[in-house]
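Architecture and fold: a report
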Amino acid sequence: MEPVAKEMGLGTIERDMAGFPGAGRCAESGSRGRRVKRAMVKGMAVDYGKLGKRVRERREGGRMSQAKLAKAVELSTQHISNIENARTKVSLEKLVDIANVLECSIDELVCDSLEKANIVFMNEAAGLFHNFSDAQVRAMPEFLKSCTCFLGLLERQQRQKHV
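A brief structural summary.

Criteria and thresholds
Residues numbered from 1 in each chain as written. Predicted model: local features only at pLDDT ≥ 70, side-chain atom pairs only at ≥ 80, totals over all residues. Heavy atoms only, no water. Helix = DSSP H or I, 4+ residues; strand = E, 2+ residues; numbered from the N terminus. Buried < 20%, exposed > 50% of the residue type's maximum accessible area, 1.4 Å probe, protein only. Contact = heavy atoms within 4.5 Å. Areas by Shrake-Rupley, 256 points an atom, 1.4 Å probe, with all protein chains shown as cover. Core = buried A, V, L, I, M, F, W, Y, C linked by side-chain atoms within 4.5 Å. Phe/Tyr/Trp six-rings, centres within 6.5 Å; stacked < 30°, edge-to-face > 60°.

Counting its regular elements, the protein chain contains seven helices and five strands. Mapped in sequence order, the helices and strands of the protein chain form the string β-β-β-β-β-α-α-α-α-α-α-α. With 163 residues in all, the protein chain has 26% of them scored as buried. Contacts in the protein chain between residues far apart in sequence, at least 24 positions, make up 43% of those at least 6 positions apart. Summed over its atoms, the accessible surface of the protein chain is roughly 11400 Å², and 54% of this surface lies on carbon and sulfur atoms.

On to helix 3 (residues 77-84), then. For helix 3, the full list of buried residues reads I80, S81, N82, I83 and E84. Along its buried surface, helix 3 packs onto helix 1 (48-61), helix 2 (66-73) and helix 4 (92-101). In the segment just after helix 3, A86 is the residue with positive phi, at about 55°.

Attention shifts here to the nonpolar core. Counting residues in hydrophobic clusters, the biggest one holds 18 residues, and the most contacted among them are L51, V55, L69, I98, L102 and L109. Every element with two or more residues in this core is listed here: helix 1, helix 2, helix 3, helix 4 and helix 5 (106-110). With residues up to four places along the chain from it excluded, the contact list for L51 reads V90, L95, L109 and V110.

Bringing the packing of aromatic side chains into the picture now. Under the criterion given, the structure shown has one aromatic pair. Here F129 and F132 contribute two aromatic rings whose centre-to-centre distance is 5.4 Å and whose plane-to-plane angle is 85°, an arrangement assigned as edge-to-face.

Following this line, the structure appears as structure tokens:
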């Protein structure tokens, strides 16, 4: 059976995913007193907080108001605010509209919830280099090697604690 996602009510998503591990499980996250359920498939939840943050960053980076984005995607300004503050979910169709208006890919908006999103983070990191001096760019490979070594030591220490 193919996965089917259907938006109902104020963003509650029900999934018909019989046969998929983790189907039907949900996690809840609080946001200013309201709870937004996060649909989970195979144990990976959509992080609506980070999704909203990325929508806001892209919108503000393009010097676009919530009202202008809302009009372009045929949603209310309040709904855009609710998406950006993780107080509601966004349908796939509206997420596509938002990504198109913000001139980015859906991957760039939901990368925090994807298992295979390295390219998005690599591009994000590469974008940081544009503000670096030549000397800083040249120093980055050594810095990253040091960080990798340090992180490896931390991981080994954590594994030893759990053994």
